[in-house]
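Residue-level structure breakdown
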Amino acid sequence: DRYTNHFFICDFPSGVWSFSLKPRGASFELAAREKFLWNLLPTHAAFGPDGALYVSDWVEGWGQPEKGRLYRVSDPAQAGNAKLVEAKRLLSEGMEKRSETELARLLAHDSMQVRLAAQFELAARTKSDCDPAVRELVQVALKSTNLYARLHAMWGTTQVAEKLNKTQLIEALNSLLVLLSDANPHVRGEACILFARARVFNAR
């Protein structure tokens, strides 16, 4: 919980920073930062399906040292955490055999990896605005009470707009116009991006 809404960034050749942001007008400013993992030469950091942070270490120098390390950073108190166990199971099973309804529900999951996997699967299934997948994306964007779910639904619709022309999506896009006046500024911003990209790809 301490690192909810935090970013992790590699600062070669020093270590890994953890930091959070706070809104400042239309942008953000630094809220807090700390040296999360220090005295190594990190080249990449990523969270695994087990909830641990994996960091690759260059070990030494600027040339190719022909060796390296991988660090796994986890909280022993979270071992067996039900949410982590569920996320690992969902990711290992994959999304291909899940229904559109279940995928739409997973857009609100605590794990960003699960949300993204569900989003990409829904977008991949969409061939026109008549497909159940795009209807689920639209309904989540319009009606969900979970902000993450709404954002992922709009991102998924943007993916669809990149591969289909505007005519194929006209009904879905028209129903989402209301998002441009949504009460949440994050939703309004992503709606602007969605419609901008839909227009660009239609013009190609």
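Predicted, not measured: the structure shown is a model, and the values here were computed from it.

With that out of the way, let us pick up the overall build of the protein chain. Along its length, the protein chain carries 7 helices and 6 strands. Along the chain direction, N to C, the helices and strands of the protein chain fall in the order β-β-β-β-β-β-α-α-α-α-α-α-α. Taking all 204 residues of the protein chain together, 34% fall into the buried category. Within the protein chain, counting contacts between residues at least 6 apart in sequence, those at least 24 apart form 44% of the total. Carbon and sulfur atoms provide 54% of the accessible area of the protein chain, an area that totals close to 12,400 Å². Here the protein chain contributes 26 positively and 23 negatively charged side chains, and the mean placements of these two sets differ by 3 Å.

In this model helix 4 (residues 132-143) runs 16 Å from its N-terminal to its C-terminal C-alpha over 12 residues, within 8% of the 16 Å that 1.5 Å per residue would give. Within helix 4 the residues assigned to the buried category are Ala133, Val134, Leu137, Val138, Val140 and Ala141. Considered in projection along helix 4, the buried side chains sweep an arc of 165 degrees and stay on one side of the axis.

If you walk through the whole model with that rule in mind, you get 7 aromatic pairs. Measuring from centroid to centroid gives 5.4 Å for phenylalanine 7 and phenylalanine 19, while their planes differ by 20 degrees, and the two rings are stacked. Here phenylalanine 7, found in strand 1 (residues 7-11), pairs with phenylalanine 19, found in strand 2 (residues 15-24); they are 12 residues apart in sequence, far enough to count as distant. For phenylalanine 7, a relative accessible area of 47% translates into the label partly exposed. A relative accessible area of 19% places phenylalanine 19 in the buried class. Residues tryptophan 17 and tryptophan 38 carry aromatic rings whose centres are separated by 4.9 Å and whose planes lie at 75 degrees to one another, so their mutual orientation is edge-to-face. One end of the pair, tryptophan 17, is in strand 2; the other, tryptophan 38, is in strand 3 (residues 27-38), and 21 residues separate them in sequence. Judged by its relative accessible area of 17%, tryptophan 17 falls in the buried class.

What follows deals with the side chain of aspartate 57. The residue aspartate 57 is located in strand 5 (residues 53-57) in this model. A polar atom in the side chain of aspartate 57 sits 2.9 Å from the backbone nitrogen of leucine 41. The residues touching aspartate 57, leaving out its near neighbours within four places in the chain, are Leu40, Leu41, Pro42, Gly68, Arg69 and Tyr71.

Moving on to a nonpolar patch on the surface. Taken together, the side chains of Phe7, Leu21, Phe28 and Leu30 make up a nonpolar region of the molecular surface, amounting to roughly 400 Å² of accessible area. Examined against the element boundaries, leucine 30 turns out to sit in strand 3.

Conventions adopted
- Residues numbered from 1 in each chain as written.
- Predicted model: local features only at pLDDT ≥ 70, side-chain atom pairs only at ≥ 80, totals over all residues.
- Heavy atoms only, no water.
- Helix = DSSP H or I, 4+ residues; strand = E, 2+ residues; numbered from the N terminus.
- Buried < 20%, exposed > 50% of the residue type's maximum accessible area, 1.4 Å probe, protein only.
- Contact = heavy atoms within 4.5 Å.
- Areas by Shrake-Rupley, 256 points an atom, 1.4 Å probe, with all protein chains shown as cover.
- Lys, Arg positive; Asp, Glu negative; His and termini not counted.
- Charge placed at Lys NZ, Arg CZ, Asp CG, Glu CD.
- Expected span 1.5 Å × (residues − 1).
- Arc of directions from axis to C-beta.
- Phe/Tyr/Trp six-rings, centres within 6.5 Å; stacked < 30°, edge-to-face > 60°.
- Polar contact = N/O pair within 3.5 Å; in protein donor to acceptor, adjacent residues only side chain to side chain.
- Patch = residues over 30% accessible without salt bridge, like charges linked within 9 Å, V, L, I, M, F, W, Y side chains within 5 Å.
- Salt bridge = Lys/Arg side-chain N within 4 Å of Asp/Glu carboxyl O.

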